[in-house]
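Spelled out from the first residue to the last, the chains are:
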Amino acid sequence: MANPVMSLILLFLSIVSIFLSSVSMADNAIFNVVQMGAKPNGKTDSTMSFLNAWKAACGSTKPATIIVPLGRYLVKQAHFRGKCNNKAITFRIDGTLLAPSNYNVIGNAGNYWLLFEGVDGVSIRGGNLDGRGAALWACKASSNNRPSGATNLAFVNSNNVAITGLTSLNSQMFHIVINGCNKVKVQAVKVLASGNSPNTDGIHVQLSSEVSILKTKIHTGDDCISIGPGTTNLWIQEIACGPGHGISIGSLGKDFKEAGVQNVTVKSVIFKNTQNGVRIKSLGRPSTGFVKNIIFQHTTMINVQNPIVIDQNYCPDNINCPGQVSGVKISDVTYGDIHGSSATEVAVKFDCSKGNPCKGIKLENVHLTYKNQLPAQASCDNVALTTSGLVQPDNCL
Ligand SMILES: *[C@@H]1O[C@H](CO)[C@@H](O)[C@H](O)[C@H]1NC(C)=O
């Protein structure tokens, strides 16, 4: 028998919830891409529906949510441009956006698949982005005459951005790019591509400030996170990286006149089976660039080929590096509580510029072994080092 008190309570609760949802609908404009014509079948080109949903959300004077229900949506190149009439647009993605299966469709055209440009207050919550890059990677391996490929997701010249719970799969090139932005939070993101895929950097940041990347898993074929010129106040914490090429500041010094990298904190990272752990690299040529106030802390290396690296003699194909002297000035870099195993004998390598030796490099409680059992080696050129606590290897201190 139904309990009348219980039924009354339930009735009351459902009235409250209807009331609350109508209130939240009232102050939020909702645009559902399926209602705007997108087809969740993985085959029908849904690009226009996404662009129309963006146009409506961007034109709305109140906060707007774009809903992408479960299902697979074929989307060609889509550029979501500001400036918008409100500063709170959320893309709530429950489904998967699929790039066209022919890599030429997005691979040649401007190098972005999904681009947000000049926006303020955009959040992406959830969703999978599948760049379907494998065919392009295979062609790149067998011939030079191929498109460079598109980045899955980029934010350019944008502020107050949040990317949460997104999965980026098989990008043709870089997965996520943050360029020319201020205040960006990337959290609980996953990046997945083959360990052999070329140029598939997980997250690339440049010319941006106040970016944080938290609780993110990256499994890819190039740098897990790459940090380009003009990056300041970057915070990276709780990252699992591998396979991949590690977390890199650089390559720097590509241009003679170049903005510096300043105040970067990287902490609580696990590198597993990666080519590098924490790396700073600059081309061996003149530049106004610099790297300063960097902290690498609480890091575990598991079978990492080059756990700690500064390479200022980087010169791909030995072209354009006169005298191999890097103009990039590196100072105040601290490595604290870094432990684990190197897959090669040289676990710490400081190969700094002859013309601009590295200054203020500190090692504090760094303990790295060679293959978990043998003592590892350090190699140091043109570097001023100090240490505290236990530091192993210690042969160049
Ligand atoms: C360095 O960056 C962090 C954010 O990553 C910020 O909280 C801190 O204030 C910055 N420090 C300086 C000296 O600018």
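Now for a look at the structure at hand. If you're wondering where the values come from, they're calculated on a predicted model, not measured in any experiment. (Residues numbered from 1 in each chain as written. Predicted model: local features only at pLDDT ≥ 70, side-chain atom pairs only at ≥ 80, totals over all residues. Heavy atoms only, no water.)

### Here's the deal with the site of the ligand
Right, on to step 1. In the vicinity of the ligand, the contacting residues are Asn233, Leu234, Trp235 and Asn263.
Right, on to step 2. Backbone polar atom of asparagine 233 to an oxygen atom of the ligand: 3.4 Å apart, as the coordinates give it.
Right, on to step 3. At 2.3 Å, a side-chain N or O of asparagine 263 approaches an oxygen atom of the ligand.
Right, on to step 4. Burial of the ligand by the surrounding chains reaches 41%, relative to a free accessible area of 360 Å².
Right, on to step 5. By residue number, the principal contributor to the shell around the ligand is strand 20 (residues 232–241), which donates three residues. (Near = heavy atom within 4 Å. Polar contact = N/O pair within 3.5 Å; in protein donor to acceptor, adjacent residues only side chain to side chain. Areas by Shrake-Rupley, 256 points an atom, 1.4 Å probe, with all protein chains shown as cover. Helix = DSSP H or I, 4+ residues; strand = E, 2+ residues; numbered from the N terminus.)

### What about the layout of surface pockets?
Right, on to step 1. Size it by volume and the largest pocket reaches roughly 370 Å³.
Right, on to step 2. Looking at the lining of the largest pocket, the elements that each hand over two or more residues are strand 17 (203–206), strand 21 (247–252) and strand 23 (276–283).
Right, on to step 3. Among the residues forming the lining of the largest pocket, the class breakdown is five nonpolar, seven polar and seven charged.
Right, on to step 4. Two domains each provide a minimum of three residues to the lining of the largest pocket, namely domain 1 (26–218) and domain 2 (223–397).
Right, on to step 5. By volume, the second largest pocket amounts to about 170 Å³.
Right, on to step 6. Mapped onto the lining of the second largest pocket, the elements with two or more residues apiece are strand 16 (190–192), strand 18 (209–219), strand 20 and strand 22 (261–272).
Right, on to step 7. A per-class count over the lining of the second largest pocket returns six nonpolar, two polar and three charged. (1 Å grid on protein atoms, 1.4 Å probe; cavity = no way out; pocket = protein on both sides within 12 Å on 5 of 7 lines; lining within 4 Å. Points joined across faces, edges and corners; volume = space filled by probe spheres on them. Nonpolar A, V, L, I, M, F, W, Y, C, P; charged D, E, K, R; others polar. Domains from an automatic or database assignment.)

### Section: the environment of histidine 204
Right, on to step 1. In this fold, histidine 204 is placed in strand 17.
Right, on to step 2. Note on histidine 204: relative accessible area 10%, which makes it buried.
Right, on to step 3. Sequence spacing of histidine 204 and isoleucine 176 is 28 residues, and the spatial spacing of their C-alpha atoms is 6.3 Å.
Right, on to step 4. Discounting chain neighbours no more than four positions away, the residues touching histidine 204 are Phe174, Ile176, Val177, Ile178, Ser226 and Gly228. (Buried < 20%, exposed > 50% of the residue type's maximum accessible area, 1.4 Å probe, protein only. Contact = heavy atoms within 4.5 Å.)

### Topic: the pattern of salt bridges
Opposite charge on two side chains permits pairing when their charged atoms draw close.
Right, on to step 1. For the structure on display, the rule yields six salt bridges.
Right, on to step 2. Of the charged contacts, one joins aspartate 45 and lysine 76 as a salt bridge, the two residues approaching to 3.4 Å between their closest N and O atoms. With aspartate 45 in strand 2 (residues 41–45) and lysine 76 in the loop between strand 4 (72–74) and strand 5 (78–81), this residue pair connects regions lying 31 residues apart in the sequence.
Right, on to step 3. Notably, a salt bridge pairs lysine 87 with aspartate 120, separated by 3.5 Å at the nearest N-O pair. Here aspartate 120 lies in the loop between strand 8 (112–117) and strand 9 (122–125) and lysine 87 lies in the loop between strand 5 and strand 6 (89–93), a separation of 33 residues in the sequence.
Right, on to step 4. Owing to a relative accessible area of 61%, lysine 87 belongs among the exposed residues under this scheme. (Salt bridge = Lys/Arg side-chain N within 4 Å of Asp/Glu carboxyl O.)

### Here we look at the state of the cysteines
In a disulfide, the sulfur atoms of two cysteines are covalently bonded to one another.
Right, on to step 1. By the definition in use, this model includes five disulfides.
Right, on to step 2. One disulfide bridge connects cysteine 58 with cysteine 84, the sulfur atoms lying 2.1 Å from each other. Because the torsion about its S-S bond is -100 degrees, the bridge between cysteine 58 and cysteine 84 counts as left-handed. With a gap of 26 residues between them, cysteine 58 in helix 2 (residues 47–59) and cysteine 84 in the loop between strand 5 and strand 6 connect regions that are remote in the sequence.
Right, on to step 3. A residue is classified by how much of its surface remains accessible, and cysteine 84, at 17% relative accessible area, is buried.
Right, on to step 4. The partner cysteine of cysteine 380 in its disulfide is cysteine 396, sulfur to sulfur 1.9 Å. With a gap of 16 residues between them, cysteine 380 in strand 30 (residues 377–381) and cysteine 396 in the segment after strand 31 (383–392) connect regions that are remote in the sequence.
Right, on to step 5. In this structure cysteine 380 comes out as partly exposed when scored by relative accessible area, which is 24%.
Right, on to step 6. For cysteine 396, a relative accessible area of 25% gives the class partly exposed.
Right, on to step 7. Each bonded cysteine of the protein chain is numbered by sequence order, and under that numbering the disulfide pairs are 1-2, 3-4, 5-6, 7-8, 9-10.
Right, on to step 8. Cysteine 181 forms no disulfide, and the closest cysteine sulfur to it belongs to cysteine 84, at a distance of 14 Å. (Disulfide = S-S within 2.5 Å.)

Nothing here speaks to function; it is all geometry.
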